Amino acid sequence: MAQQETEQSVNEEFIDDVTDAEERERAHRERGTSRPITVYGNPVLHRECQDVTAFDDELARLIDDMFASQRTAEGVGLAANQIGVDLKVFVYDCQDDEGVRHVGHVCNPVLDDLPADQRVLDDSNEGCLSVPTAYAELARPDYAVVRGQDMHGKPIVVRGTGYFARCLQHETDHLYGRLYIDRLSKRDRKDALRQMAEGTPRYPVVPND
Ligand SMILES: [Zn+2]
C-alpha cells in the first residue's frame, strides 16, 4: 500500500485588523498631527518611495500623523507620500464588501499576483485625496492580498475584499509612484484632471510650485 499522501495545506495567517478598529484608529489620530495632502503634479507622488528600514519611534509618529491626516481629509486610505514623506508605508480605515471596518498600516507592501481565473473585476468608482474632487470608474480585482511588515518590522499579510481590496491596491500603487488616474484611458484621465482643476478640495493641500 502506498504511503498516504499528506496534503500540505497552506494555512495562511492573515492579520486581524478588525478587532478594536474604532479604538485603534482613534488612538493613532489623537497622538498624531494632521498634515496637508500632496496633490497630482508633486514629484513625491510620481516616483517609487524608499523602503522602510528603520522601525523606530519616528516611524510610529509618522503612522500616527498619517491617521490624523486621513481623518481630516475623510479618506479611507493614505500613503506616506501623500503627506510628502518618501517612505513605503500606508494606513487604512476602510470597509470591506460586508461592511466590516478594517484599520491598519503596512510597510513595504507587495501585492500578490492573482491567477487570471480567480480574478473578478469590479468597476466601481474610485477617487484619491491627491486628485481632489475627481472620480472615475476603474476596473480592479475585487480581492487583494498584500504582504509587508508592521511598524515593528514583523511580517504581516493583509487580505481585502470589495472596496477594501480596491483600497489595498490603490495605496500600494501610490508607494510605487502610481496614481489611479495613471490606470485610466487617456480620455478618462483627462476628464479626471479636468474635474480636479474645476473643484476645490475640502481639506488642506500642499500647493504645487
Ligand atoms: Zn490615493
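Residues numbered from 1 in each chain as written. Predicted model: local features only at pLDDT ≥ 70, side-chain atom pairs only at ≥ 80, totals over all residues.

**Topic: the UniProt feature "active site" (unreviewed entry) in the chain**
With numbering aligned to this structure, UniProt lists the feature "active site" (unreviewed entry) at Glu171. By the secondary structure assignment, Glu171 is in helix H3 (residues 162-175). In contact with Glu171, other than residues within four places in its own chain, are Gly77, Ala79, Phe90 and Tyr92. (UniProt positions renumbered as here; feature names shortened; annotations may be inferred. Helix = DSSP H or I, 4+ residues; strand = E, 2+ residues; numbered from the N terminus. Contact = placed C-beta atoms within 7 Å.)

**So, the pairing of strand E6 (residues 125-128)**
Burial of the side chains of E6 is restricted to one face: Glu126 and Cys128 are buried, whereas none of Asn125 and Gly127 on the reverse face is. Relative to strand E7 (residues 131-137), E6 is paired through four bridges, and the arrangement is antiparallel. By the bridge assignment for E7, Gly127 is matched with Tyr135. (Buried ≥ 20, exposed ≤ 12 C-beta atoms within 10 Å, placed from the backbone. Pairing = 2+ DSSP bridges.)

**A closer look at the sheet that holds strand E9 (residues 143-149)**
Adjacent strands of a sheet form backbone hydrogen bonds with each other and so pair up, either parallel or antiparallel. Taken together, the five strands give an open sheet; going across it, the order is E2-E3-E4-E9-E10, and neighbouring strands pair in antiparallel fashion. Both edges of this open sheet fall to strand E2 (77-79) and strand E10 (155-161), since each of them pairs with a single strand only. On average, each strand axis in the sheet is tilted by 30° relative to the strand beside it, whichever way the strands run. Here strand E3 (residues 89-95) pairs with strand E4 (residues 101-111) via seven bridges, running antiparallel. Residue pairing in the sheet places Val89 in a bridge with Cys107 of E4. Strand contacts of H3: E2, E3, E4, E9 and E10, with the helix running at about 165° to E3, the strand carrying the most contacts. (Axes fitted to C-alpha atoms, helices over the stretch in contact; angles between N-to-C directions.)

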